[in-house]
Each structure stands twice: as C-alpha cells, then as structure tokens.
Amino acid sequence: MSAASSDRGSPGSARSDRFHLWRSRKDKVARWIIATGGVAVILMIGLIFFYLLWVVAPLFLPADSEYRTTNPHPSWARSPAVWVAIEEQQRIGLRVGADGQADFFEVANGARVQSNTLPLAPGATISRIAEPPAAEGIAAYSTDAGQVHVFQHAYRTDYSEGVADRKVVPELRFPYGEQPLFGRSASSRADLAISDSEKQLLIATLDTAGEVQLFFAHKRENLLTGEVVLDPAVSAQRLEIPAAPNGLSGMATAAGISGDHRWLYAGDTLGRLHRFSLPELQHLDSLRVSDSAITELSMLLGGISVLAGDAGGGISQSFPVRNENGEFSLQLVRRFEPLASSISHIIAESRRKGFLAIDENGTAGIYHTTAGQKVLGAELRNFKPVAAALSPRADGLLIEAEDGSLGLLEIDNKHPEVSFDSLWRKVWYENYTEPEHVWQSSAATNDFEPKFSLTPLVFGTLKAALYAMLFAIPLALMGAAYTAYFMSPGLRKIVKPTIEIMAALPTVILGFLAGLWFAPFVEEHLAGIFMILLVLPPGLLLFAWAWHRYAGQAKYLVREGNEPLLILPVLVGLGLLAMWLAEPIQIMFFEGDLRGWLTQKAGIDYDQRNALVVGCAMGFAVIPTIFSIAEDAIFGVPTSLANGSLALGATPWQTMTRVVLPTASPGIFSGLMIGLGRAVGETMIVLMATGNTPVMDWNIFEGMRTLAANIAVEMPESEVNSSHYRVLFLAALVLFIFTFIVNTGAEIVRQRLREKYSNL
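None of these values were measured; they are calculated from a predicted model.

This brings us to the sheet that holds strand β4 (residues 101–106). Taken together, the 4 strands give an open sheet; going across it, the order is β2-β3-β4-β5, and neighbouring strands pair in antiparallel fashion. Each end of this open sheet is capped by a strand with a single partner; those strands are β2 (81–86) and β5 (112–117). Along the sheet, successive strands turn relative to each other by an average axial angle of 15 degrees, direction set aside. As paired strands, β4 and β5 are joined by 5 bridges and run antiparallel to one another. The residue of β5 that forms the bridge with Phe104 is Gln114.

Attention now moves to the environment of Glu178. One can find Glu178 in the loop between β9 (167–173) and β10 (182–183). For the pair Glu178 and Ile126, spaced 52 residues apart in the sequence, the C-alpha separation amounts to 15 Å. Ignoring anything within four residues of it in the chain, the contact list for Glu178 reads Pro119 and His149.

Where helix α14 (residues 707–714) meets helix α15 (residues 723–756), the closest approach of the two axes is 9 Å, and the angle between their N-to-C directions is 150 degrees. It follows from the interaxial angle that α14 and α15 lie roughly antiparallel. Here the hand of the crossing between α14 and α15 comes out left-handed. In this structure, α14 uses Leu707, Ala708, Asn710, Ile711 and Glu714 to contact α15, whose residues at the interface are His724, Leu728, Ala731, Ala732, Val734 and Leu735. For the contact of α14 with α15, a count of residues per class yields 8 nonpolar, 2 polar and 1 charged.

Okay, a nonpolar patch on the surface next. A cluster of nonpolar side chains, Phe471, Leu475, Leu505, Val508, Ile509, Phe512, Leu513, Leu516 and Phe620, forms an exposed patch at the surface whose accessible area comes to about 760 Å². The set of elements that each furnish at least two residues to the nonpolar patch consists of α4 (455–485) and α6 (507–524). Among the elements that make up the nonpolar patch, the one with the highest residue count is α6 (5 residues). With respect to the secondary-structure elements, Leu475 resides in helix α4. The exposure class assigned to Leu475 is partly exposed, which follows from its relative accessible area of 47%.

If you walk through the whole model with that rule in mind, you get 27 aromatic pairs. Here Phe336 and Tyr367 contribute two aromatic rings whose centre-to-centre distance is 5.6 Å and whose plane-to-plane angle is 65 degrees, an arrangement assigned as edge-to-face. Pair noted here: Phe336 is in strand β22 (residues 328–336) and Tyr367 is in strand β25 (residues 363–368), with a separation of 31 residues, a long-range link. Taking relative accessible area as the criterion, Tyr367 reaches 0% and is therefore assigned buried. Here the aromatic cluster, defined as three or more aromatic residues joined through ring pairs, consists of Tyr51, Trp54, Tyr725 and Phe729. The ring of Trp263 is capped by Arg275, whose NZ or CZ atom sits 4.8 Å from the centre of that ring. Looking at Arg492, its charged tip hangs above the ring of Phe635, at a distance of 3.7 Å from the centre.

This part is about the pattern of salt bridges. Scanning the entire structure with this criterion turns up 26 salt bridges. Linking Glu631 and Arg492 is a salt bridge whose minimum nitrogen-to-oxygen distance equals 2.6 Å. Placement of the pair is Glu631 in helix α10 (residues 611–635) and Arg492 in helix α5 (residues 489–501), with a sequence separation of 139 residues. Here Glu631 and Arg492 have matching classes, each one buried. Each member of the salt-bridge network shares a partner with another, and the members are Arg492, Lys496, Glu500, Glu631 and Asp632.

For the bond running from Leu278 to Pro279, omega is 0 degrees, close enough to zero to count as cis. Phi is positive for Leu281, which is not a glycine, with a value near 60 degrees. One can find Leu281 in the loop between β17 (272–277) and β18 (283–288). Residue Asn721 is not a glycine yet carries a positive backbone phi of 70 degrees. Assignment of secondary structure puts Asn721 in the loop between α14 and α15.

Once that is clear, we can look at α5. With 13 residues, α5 should cover 18 Å at 1.5 Å per step; its first-to-last C-alpha distance of 18 Å lies within 8% of that length. Burial in α5 covers these residues: Leu491, Arg492, Lys496 and Ile499. Taken end-on, α5 shows its buried residues confined to a sector of 115 degrees, consistent with a single buried face. Away from its buried face, by an angle of more than 90 degrees, α5 presents the exposed residues Lys493, Ile494 and Ile501. Where α5 is buried, its residues contact α4, α8 (563–589) and α10.

Turning our attention to the packing of α5 against α10. The N-to-C vectors of α5 and α10 enclose an angle of 140 degrees; their axes lie 8 Å apart at closest approach. For the pair formed by α5 and α10, the contact residues are Arg492, Lys496, Ile499 and Glu500 on the first element and Pro624, Phe627, Ser628, Glu631, Asp632 and Phe635 on the second. Class assignment of the residues belonging to the contact of α5 with α10 gives a composition of 4 nonpolar, 1 polar and 5 charged.

This brings us to the side chain of Thr363. With respect to the helices, strands and loops of the structure, Thr363 is situated in strand β25. A relative accessible area of 13% places Thr363 in the buried class. Polar side-chain contacts of Thr363 include one of 3.2 Å to the side chain of Glu379. Other than its neighbours up to four places away in sequence, Thr363 contacts Leu339, Ala357, Ile358, Ala378 and Glu379.

Attention shifts here to the nonpolar core. Counting 82 residues, the largest nonpolar core has Leu454, Leu526, Met618, Val727 and Leu730 as its most contacted members. Take this core: its biggest share by element is 15 residues, from α10. Contacts of Met618, omitting those with residues within four sequence positions, involve Ala464, Ala468, Ala679, Glu682, Ile685 and Val686. Counting residues in each nonpolar core, the second largest holds 20 residues, with Leu380, Ala394, Leu409 and Ile411 among its members.

In this section: the environment of Ser442. Here Ser442 shows up in the loop between β30 (439–440) and β31 (451–452). By relative accessible area, Ser442 is classed as partly exposed at 45%. Taking the C-alpha atoms as reference points, Ser442 and Asp196, 246 residues apart in sequence, are found 24 Å from one another.

As for its position among the elements, Gly354 is in strand β24 (residues 354–359). In this structure Gly354 comes out as buried when scored by relative accessible area, which is 0%. A C-alpha to C-alpha distance of 8.1 Å links Gly354 and Thr370, two positions 16 residues apart in sequence. For Gly354, the residues in contact, after removing those within four places along its chain, are Leu300, Ala348, Glu349, Tyr367 and His368.

Cut-off values and rules
Residues numbered from 1 in each chain as written. Predicted model: local features only at pLDDT ≥ 70, side-chain atom pairs only at ≥ 80, totals over all residues. Heavy atoms only, no water. Pairing = 2+ DSSP bridges. Helix = DSSP H or I, 4+ residues; strand = E, 2+ residues; numbered from the N terminus. Axes fitted to C-alpha atoms, helices over the stretch in contact; angles between N-to-C directions. Contact = heavy atoms within 4.5 Å. Parallel < 35°, antiparallel > 145°, perpendicular 65-115°, else oblique. Left-handed = near helix turned anticlockwise from the far one by under 90°. Nonpolar A, V, L, I, M, F, W, Y, C, P; charged D, E, K, R; others polar. Patch = residues over 30% accessible without salt bridge, like charges linked within 9 Å, V, L, I, M, F, W, Y side chains within 5 Å. Areas by Shrake-Rupley, 256 points an atom, 1.4 Å probe, with all protein chains shown as cover. Salt bridge = Lys/Arg side-chain N within 4 Å of Asp/Glu carboxyl O. Buried < 20%, exposed > 50% of the residue type's maximum accessible area, 1.4 Å probe, protein only. Phe/Tyr/Trp six-rings, centres within 6.5 Å; stacked < 30°, edge-to-face > 60°. Lys NZ or Arg CZ within 6 Å of the ring centre and 35° of its normal. Expected span 1.5 Å × (residues − 1). Arc of directions from axis to C-beta. Polar contact = N/O pair within 3.5 Å; in protein donor to acceptor, adjacent residues only side chain to side chain. Core = buried A, V, L, I, M, F, W, Y, C linked by side-chain atoms within 4.5 Å.

Below, the structure written as structure tokens:
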C-alpha cells in the first residue's frame, strides 16, 4: 500500500475531511443567509416604494362620472322648474316650479315625498332663485311682482326603523318669516344675489336697466325664544356703469355679493366685471374679463373670488388684490378651459374651491380654482337643463330639462385640488398679492383654500441639509484625517470611540437642547458667535506658527501626536477672548445690539429658531457618521504607500494630500453621502429647533420646514384617504426617490474613484 493511500485512510485524514466538509457546509449556509437577508432588504425597500405609490396614485387618477335619468312627477310638466336642490346623501331632491310649488321627491324614481307651496302674491310667479355657497339650505326667490322671500330646505335622518331602513325626512322652513322681506313694482329681473352670515343678511336684485335694490339687515337673536329678528334697511339705486374706452356703454347682466358684504359685483354686456362698494353702491373699479357678454356670475366658496361665465363659453376667476398703498383693485387671476357655448349655470361647491359650469348645449365642466384646471367634462346627452343643483359633497349633479325630465350625473372627483401646478409651481391664492409657493394644509373653516405646494418643503429640506453639511464636513473630515494619520495610537483609542458613541445620542435630545437652550443662547450672544468664527481660525494658525518656531525645553514634554491636548486650552481661551471682544464690537459698529441692528437697519428677519441653530445641531448629529467612515477609510490606506512617499522625500502633509486622501477618497465620499442622507431625512432636530415655517428664503436667520418634519407634524391630524393624507405620502415618496437617486449616484461615483485610485 502506498503512503498516499495510507494517509487517506488514517484517522487524521478522516477528521480533516470532516472538518473541511463541515466548513464548506457552514460557508454555504452563511452565504445563503446573507444572500437571503440582502434580497429581503431589497424586497422590503421595493415594497415600501410600491406602497407609497399605491397610496399616492389616486391623487392623479382622472375624475369620472355616470349619467342616469329619473322619472319625473306628471304634474311637473304644467309648471317649468325654476330651481332644484339635492341633499347630501342624494336620496331626496327639491324642485321649485314657477308657480311656487315646492316638491320634495325621491331622486331614484321621482316619487313625490312632500309637497309645499311657497308664499306668493295672487297671480305672481317665481322668476329667480339664488343661494350662496355653503348656505346650509338658505335661498332667496324673487317674483315677477317684485317681491323677495327667503326660505330654507333642511333634512334630518330618521333611524326609528333601524339603521338599514333609515329615512331622510325633508322640511321647508322660513327662518325670517313667510312675508316678503322687501318688494316694489314689477320689473324685468336680470339677477338675484344673496349673502347670509351669522350677523347679517344681504340681498340684492338687479334689473335689466341697471337698477339695484338692496336689502341689508342686521340679525338679533331673541334670548327667550331663540328666534332671529332682522333690523332691515332697504335702498334702491341705479348702478353707474362707466362706458368702455371705445365709448360703448354696457348693460348689467349678472350680480354677486362678496362674503364679507363689502362689495357688489356686476357683469355687463361688454364682458366687463365691475366692483361697487356696499351699501353706497359707489363704483370702485372695472375689469375686462371677456370679449363676450357676461351671462353668469357666482361667488366661490368663502365669498372672495367671483366666477364669471360669458356668452362665448369662457370662464374666469377674479378677486380684489391689495396693493402697496393698502387699496384693493380687481385682478383677473386665471381663465379656465372654455365650454362650447354660452354659460347658463355656474354652481360653486359648498365644501371645496371647485365649481361646475353648464353651457346652453348641455355640456358640463367641473373645475377647481387652486389646481387651475378642468377636472372633468361631461356631455349631458342633449339634456339642456333649465335648473341644476350640485350636492353638498359635490358627488352628484341633479338637472331638469324644459320638458320636466330629470337627470342625475354621479361624479367621482375625490382629489380635484391636486395637480402638477398646485404641487410644484407658483399659484395665485385668494388674499395673496401675487402667485407664490405656499404650504398651508388646513384651517378652522371650510372656506379655507388648501395650499399643497411641495416646493417650500423640498427647499427647506435642502436648506437644512446644506447648512448641516457646511458645519459638519470641515470638522468631520479634518478630524478624521488628523486622527487617522497624525494622532498618536494611544490618544486615537480614546478619541475615535468617543466620537463614534455620539452617533448613539438620540436626536430628540439634540433637538430638545437646540430648541430650548442653544437657540436662546445664540440669540443672546449672536455677536459672540460670529466673533468666534473670526477669532478662532487666525488664532489657531498663530498658535501653530508660534509652537513651530518655539525651541524651548517645554516643547519636548508634548509627545508627537498628542498636540490636541495642547490645543484644547487654546480653543477655550480663544473662545473666551471672542466673547469678550463681542461687546465692544457691537457698541462700535452695531449700536450695541447686533440682533436688533440686523432686523431694524439691515432689514434681515431673525427668528430665534433658525437655520443657524439647525445647521449646528444637525451638523453635530452628522459629524460622527462622516468622521467614523472617513477615518476608517484613511486609516485603512496601506502604510507602504505612505512610507514610500516619505522615502521619496515628500513631507507628511504632501503624503497626506497627494497619496493618502486620494486613495481613501471612495470611503470618504461614501461617508459624505451617508451623512447627507442622514441630514436630509432628519426629523426631530428640525422639528424642535426651527419654527417649522415653510418659507423659501436662504436667510440663515430664518427657519424652514422639511419634508420629514412636515410628515411628522401633520400625519396624525390628517383624515385617512383625504387629499391632505395622500399628499403627505407623496412627500414621503419624493423623499424616498431623492434619497435613492443620491445614494445611487454616490455609489457610481465611489466605484469610479475606487477604479481610478486602485493602482496606487
């Protein structure tokens, strides 16, 4: 038997084979575990991305509608409809005929539920009915006899037969009595407008001759009965509509009243919009909004914007804008995609800044003013409505044609306020003097116009990250280079773990200290902070030069690599010197108060919790990450490279800058990118150390709001599946994509740096 076969059969050889087999199996198991973990991480990241996309996608889905007809009541053919309404659940509708017959009916089949008769003078008929947006059922009607009444339609849900068999019970009320509020001789009515608030009621009638009759009443509540009592005042006056520049005179065609009862708007046959003061009816200004006659005016929810439809199918939005002198002037804010023919109806939504328009050919368009777009167009199948009503939730349109037939357009339009323009471009919001980027998602009333611009949040994220990196990069990289290359091994064993353990400090603690201690300290010692920036660099350079030139015996007491221990008292001394110099510098150049001088003299706004505070606090949180990775990269450069450079006559500094740092550049760059990712995604420090104001200003003394902080602040308050809720998820998706792009780009750059310097 040969020696080789003898060795294979020996006990030692068997143990070796079993050992190698066992190690091979462990390697395979470890490889599969690591591979599974890596794939799981990638899968989870993919799932997060697709979940964010799934929540955000409905924001950009198009609106939809479905049309269906309803059988009308036979008696309706005898009296044409003047006005219709529909309650919130779209189960009960209200139809008012010219003869004053007010019928509640089931929308599904047209069956009459309840019949009422509105008060009318003998032989009179109803000529016009108007209601303000979000009026809770309040409406006014005028008759051909010149009288004006107010009524209210209300609904309650009856659960007496169970939730499944609940009934909607309608009721017709007259909150200010059944007698006409005012009236005069019959005339040809052009329009009727009403505005009702908690304290005042204002009604205006406009006839074709331009004469306006105003009913202006203050409300008083009877403390014993709870009844609302009006203190009315009635006036009649002819509108003085100025002639156009070409000398033509226009006739008034439509009217509207502002929500604060300050102004009356009137459209004319020349396509102009006029603004008059109330109750004086003094002409204030005019604005040409169309080349065709104004056929319809409607006030948008809140009573600030006036919507004008013209004979050519055009629709515009205008509102008064305050100028530098504090005076208001009427401004054309935006035009919308027109319809095919003359606008016959403009119906404002009662809970959003949207509206619906219908032309004479029976084409409907749904619009949203903030988004500035036509959300949906719908053909009513040659159904030319004489009356139309939008449900309170804006999810149904009830229409009646001349022959009495009824139609219902069911609308699916959940997120009309979201568009590319409203998210990223400047938008001209109500009460603003010009288009701006604004984030303001909620307010106390439904009249509020949501502002979902993500641009200020992205700007704030980049601003916070920029100032944090400006603070962190010099300190982290220079500290890493010195610690890895120049510092003594004994001191390095203390310094490196100490800085790395700073990364474990909870950011909520840093935010708490930054907001409650550091921000007031910076405000109180602002001049001292800037003096430190001016005194510290030259002071350290001067000390280094002096130490280099010093040849005394004390120099040999400090071991090479332990110089930081000598610099610490110098840093403290220079800091104290800077603080001491701050007061005389303030007195000499800044009238004794740099903080006040910046605000009053330089015109620079100063917020206590600002970008300077955030930059220092976030920089403090980012430094350990950048320092640790960069220090490991520099320390990992083979000593043979450094020794070879020194042997060829290069100085330690030349070796550091031309050999060590280029070789370690891939690792240094990775540290910078990871630090940037940490700064971009930071939440608690920004949340607690800034005023969380979404402003777009590079001013270092003003705050900001970041994407991450905004999500943390507003997500608990958002309604699930609302536009606000989904836009917050969109902000998270933007942050996710931004981080992915930055990390991908960083990896590409790192690989190229690695290839470039791999031959050193």
